[in-house]
Structure formats: structure tokens, C-alpha cells
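Residue-level structure breakdown
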Amino acid sequence: MAGLVIPVEEWAALHDLVHRYAARVDERDFAGVAQLFGDDGVLVLPDPPREFGPVHEHRGPEAVAAALSVLDDVPLTAHGITGTVFDPEDDTATARGRITCVAHHVTPRDGRFADAVWHLHYLDRYTKTGGGWRFARREVHLDLIGTREVRASRLGR
């Protein structure tokens, strides 16, 4: 909305929310990620390499946690938030966001490790609850995927 500005303390809380999402995914705390969604919150995931846009909808915290559990097969992820833009809506209890991210997915390949690097952006809707800001809807949009060899990691060589 033109002319509307999110107060700095609300901006900081939204910034914290999106960074907690990334940290909890990397820590494999999928139940913790699910707590960042409202009771009716929705996570919409792509289906790479066929679909780079969001196509699979998961509604509610249990469905969000179950959807993210596919990452149990990826020994190491590292999400880096590279940009955050938040816009208020007409009321003080809802907002929208566009978050850019680089997500590394390290998996074993031929006795070594490979890193599938996803450049992506999230299109978010947030709602303010008694427990603070929560995701009402988070859509994952892939922009490009690359693969590179990993020379060393905490997983080994």
C-alpha cells in the first residue's frame, strides 16, 4: 500500500520470523518451523525440476512439518537470506513479504558430496496473532538451480 510503512519494531519481528524459518529448517527442527505458521497457515512448495513455481499446498502446522520432513534425506542444508521486503496491508495485523534466499542442499554423490544450490524467493503473507507474527501463507518460487562439488564440509569429504 502506497504511503503505509511498517513500524520498525514490527519490521524487526517479521525479519526475525523469516530468519527463524531458515535456521529451523537447517537445524531439522520441522516442528519448530511448523510453529511459525498460523493454525491455518499454508506452505506451498515447487516440484523441481518440472515446476519452479509453487504447486503443492500444505495447510496447517502438521502438514507443514510433514512436507519439510523430505529434507531428512538431505544431510546438510544452509539457507542464506539475501533480501527482505515487507509491506503492510490495510490493517495492522497483516502484512506481505518478498524474501530472497540462497539454499544449499548437500548430498552424497559418488563417494563425495554435491551441493544443489537453489536461488529462490518466498512470497509471504503474515498475520499477527497473540503469539506474534506468523506465516499465513508462504509460497516458494525457484529462480534457478545449480550443482557444484563440495571440497569439504562438516559431513566429511
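Just so you know, these numbers come straight off a predicted model, no measurement behind them. (Residues numbered from 1 in each chain as written. Predicted model: local features only at pLDDT ≥ 70, side-chain atom pairs only at ≥ 80, totals over all residues. Heavy atoms only, no water.)

1. Some remarks on the overall build of the protein
- Helix and strand content of the protein: 3 helices and 6 strands.
- Taken from N to C terminus, the helices and strands of the protein fall in the order α-α-β-β-α-β-β-β-β.
- Relative to its length of 157 residues, the protein is compact, with a C-alpha radius of gyration of 16 Å against a globular reference of 15 Å.
- Across its three principal axes, the protein shows a C-alpha extent of roughly 55 × 30 × 30 Å.
- Every one of the 157 residues in the protein was classed for burial, and the buried ones make up 39%.
- Counted over contacts in the protein with a minimum sequence separation of 6, partners at least 24 positions apart contribute 57%.
- In the structure as shown, the protein presents an accessible area of about 8,600 Å², 51% of it carried by carbon and sulfur atoms. (Helix = DSSP H or I, 4+ residues; strand = E, 2+ residues; numbered from the N terminus. Rg over C-alpha atoms; globule rule 2.2 N^0.38 Å. Buried < 20%, exposed > 50% of the residue type's maximum accessible area, 1.4 Å probe, protein only. Contact = heavy atoms within 4.5 Å. Areas by Shrake-Rupley, 256 points an atom, 1.4 Å probe, with all protein chains shown as cover.)

2. Side note on the layout of surface pockets
- Put simply, the largest pocket is a space of about 460 Å³.
- As for the largest pocket, its lining consists of 20 residues, and the residues nearest its centre are Leu 45, Val 70, Leu 71, His 105 and Trp 118.
- Elements with a minimum of two residues in the lining of the largest pocket: helix H1 (8-26), strand E1 (37-47), helix H3 (61-68), strand E4 (94-109), strand E5 (112-129) and strand E6 (132-150).
- Of the residues forming the lining of the largest pocket, the biggest block, 4 residues, is contributed by E5. (1 Å grid on protein atoms, 1.4 Å probe; cavity = no way out; pocket = protein on both sides within 12 Å on 5 of 7 lines; lining within 4 Å. Points joined across faces, edges and corners; volume = space filled by probe spheres on them.)

3. Digging into the environment of Ala 136
- With respect to the secondary-structure elements, Ala 136 resides in strand E6.
- In sequence terms Ala 136 and Pro 88 are 48 residues apart; their C-alpha atoms lie 14 Å from each other.

4. Some points on the sheet that holds strand E2 (residues 51-59)
- Reading across the sheet, the 6 strands line up as E2-E1-E6-E5-E4-E3 and stay open at both edges, with mixed pairing between neighbours. Two strands lie at the open edges of the sheet, namely E2 and strand E3 (76-88), each paired on one side alone. With direction set aside, neighbouring strand axes in the sheet form an average angle of 20°.
- Bridge analysis of E5 against E6 gives 17 bridges, and the strand direction is antiparallel. Across the sheet, the residue bridging to Val 117 is Gly 146, located in E6.
- Packing of H1 onto the sheet brings it into contact with E1, E3, E4, E5 and E6, and relative to E3 it is tilted by some 160°.
- Packing against the sheet, H3 makes contact with E1 and E2, and its axis sits at approximately 30° to E1. (Pairing = 2+ DSSP bridges. Axes fitted to C-alpha atoms, helices over the stretch in contact; angles between N-to-C directions.)

5. Things to note about the UniProt feature "domain: SnoaL-like" (unreviewed entry) in the protein
- UniProt annotation of "domain: SnoaL-like" (unreviewed entry) refers to residues 9-138 when read in the numbering used here.
- Between the C-alpha atoms that bound residues 9-138 the distance is 22 Å, and the span itself is 24% helix and 57% strand. (UniProt positions renumbered as here; feature names shortened; annotations may be inferred.)

6. A closer look at the pairing of E4
- Strand direction decides the pairing type here: E3 and E4, joined by 12 bridges, are antiparallel. Directly across from Phe 86, in E4, lies its bridge partner Gly 97.
- If you look at the hairpin formed by E3 and E4, you'll find 5 residues sitting between the two strands.
- Pairing geometry for E4 and E5, over 16 bridges, is antiparallel.

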